Amino acid sequence: MVGGGIAGYTAALAARRDGAEVTVIARAPGATALYAGGMEIVDNLESLLASQPHHPISRLGMDGFALATELDSAISILQLALSKEGLKLEGGWRTRGMYADIHGLARPANVVPSTVASGELRSLMGKRVAVVGVPEVGDYDATSTALALKELHGIEAFAAEVAIPDLPPAASLTDLYGRRAPVPKRIKAEWIAYPPGFSNFPDNSFELLASAPSPHGWRLQQAIGLGAIAAEITSFDVGQGRITAARAGDRIFRGDAFILATGRHIGGGLRAGRSTVEPLLGLGVFYEGQAVGALGTRLHHLRYLDPASEMRTGLATDKRLHPLTDDGAAPYSNLYAVGAVLGGYEYSGPCGFGVPILTGWLAGRWAAKQAA
Ligand SMILES: Cc1cc2nc3c(=O)[nH]c(=O)nc-3n(C[C@H](O)[C@H](O)[C@H](O)COP(=O)(O)OP(=O)(O)OC[C@H]3O[C@@H](n4cnc5c(N)ncnc54)[C@H](O)[C@@H]3O)c2cc1C
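Source: prediction; values computed, not measured. (Residues numbered from 1 in each chain as written. Predicted model: local features only at pLDDT ≥ 70, side-chain atom pairs only at ≥ 80, totals over all residues.)

Undergrad: What is the right way to read the overall build of the chain from this model?
TA: The secondary structure content of the chain amounts to 10 helices and 17 strands. Against the compact-globule benchmark of 21 Å for 372 residues, the chain has a radius of gyration of 22 Å, which places it among compact chains. The dimensions of the chain, computed from C-alpha atoms along their principal axes, are 70 × 40 × 40 Å. By residue count, 44% of the 372 residues in the chain fall in the buried class. Within the chain, contacts between residues at least 6 apart in sequence are counted, and of these 65% link residues at least 24 apart. (Helix = DSSP H or I, 4+ residues; strand = E, 2+ residues; numbered from the N terminus. Rg over C-alpha atoms; globule rule 2.2 N^0.38 Å. Buried ≥ 20, exposed ≤ 12 C-beta atoms within 10 Å, placed from the backbone. Contact = placed C-beta atoms within 7 Å.)

Undergrad: Just checking my understanding: could you explain the domain arrangement of the chain for this structure?
TA: Quite often, the size of an interface is put as the accessible area lost when its parts meet. Assigned domains within the chain: domain 1 (6-85 + 226-371) and domain 2 (96-210). Taking only C-alpha atoms into account, the centre of domain 1 sits 34 Å from that of domain 2. Taken together, the contact between domain 1 and domain 2 spans eight residues of the former and 14 residues of the latter. Taken together, the residues that form the side of domain 1 that touches domain 2 break down as four nonpolar, two polar and two charged. (Domains from an automatic or database assignment. Nonpolar A, V, L, I, M, F, W, Y, C, P; charged D, E, K, R; others polar.)

Undergrad: Please clarify how the site of the ligand should be interpreted in this entry.
TA: Near the ligand, the surroundings consist of 39 residues, among which Gly5, Gly30, Gly263, Gly339 and Gly352 are the closest. Listed by contribution, the elements that provide at least two residues to the shell around the ligand are helix 1 (6-17) and strand 1 (25-26). Sorting elements by how many residues they give to the shell around the ligand places helix 1 first, with three residues. Grouping the constituent residues of the shell around the ligand by class yields 21 nonpolar, 15 polar and three charged. (Near = placed C-beta within 6 Å.)

Undergrad: Would you mind going over the sheet that holds strand 9 (residues 205-207) with me for this structure?
TA: Strand pairing in a sheet relies on backbone hydrogen bonds. The paired strands run either parallel or antiparallel. Judged by pairing direction, the sheet is parallel, and its four strands sit side by side in the order 7-6-8-9 without closing on themselves. The two strands at the open ends of the sheet, each matched to only one other strand, are strand 7 (156-161) and strand 9. Neighbour to neighbour, the strand axes of the sheet diverge by 30° on average, direction disregarded. The sheet contact formed by strand 8 (residues 191-194) and strand 9 spans three bridges and is parallel. (Pairing = 2+ DSSP bridges. Axes fitted to C-alpha atoms, helices over the stretch in contact; angles between N-to-C directions.)

Structure below.
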């Protein structure tokens, strides 16, 4: 397994459950460590299948019922595994809530940490919510957050400032990480909202979502990162249509199957340039079903006109998640590609975690079968 984000973790989990011996190799934390705190799995599965033929979930060629069954298993087993690592999650892929970030703006999510779950915005409408502010912290303002919660979401929110005098000068939100949540005194509130990062929360409280660097992302990365070997894969050995080994300097990792869970630009799975490339095996990089190399300058123009569309660039796979070359062939029968390295969807959109979790889950199971 190359990659230590949520895709690599889920793939390793699935493969181990099916009896495979798994080695996870990761260079560093990737986009998973930056997520805001709300996992978006999928918005409307049927409409996705009907309208997005290049989406990695559509490319699996499975019907809605089969996908739903796999998502049910993947999400529940992931939640169980993470709770054993000390990170409790709530929600499921069939339900979608709205949660506020530190500025009071709403973001959708299907699965959230249990410390975030009580902050579902519709359930807080009309409730009195104290938003904890820390006067020593410069990059967050509880008064504006409370105002946004009130004006945008109909919540009776107000700021409750709590001084933490031992913070360093010019403190930022990251300095709150791991500190015990301070409880504001003499306030009348049904709920207390905290900026993300504290620990030991009182009852009737919740955390807001983060912007990067994200305490939610860091907690998740710590929960999934244990056991990964820190190394950078620089090449693969190939023979007779199969990958036989992955190389990191003079270390050689041999295996029966290999999973590429290398992420997009942040993870390092794709390298941007005049044309985006996959750096390890020179695999095909596609935009809406077409190899980017063949698109000439069209994608460059599009990048300026509509930067979000560039986010749909990435690897394409066959129905068994084998990555394709530019000409549409799947040259390696024991190589799988999963997670944000795949194109055809916006990786920080409605399937931000759905694609890594579902493709990781399926590839882990298929790879384990191959290894048996
Ligand atoms: C700022 C930000 C905020 C986001 N917020 C949300 C959100 O709130 N909700 C949501 O649903 N989605 C969100 N997303 C999207 C989501 O975080 C990603 O889609 C998801 O985490 C990708 O997971 P991944 O495992 O595929 O990739 P990554 O987490 O990027 O992991 C890639 C891994 O591969 C490793 N790697 C790469 N190349 C090599 C190599 N050669 N050798 C060894 N290791 C290698 C990297 O070191 C890393 O460990 C956000 C994305 C960003 C950037």
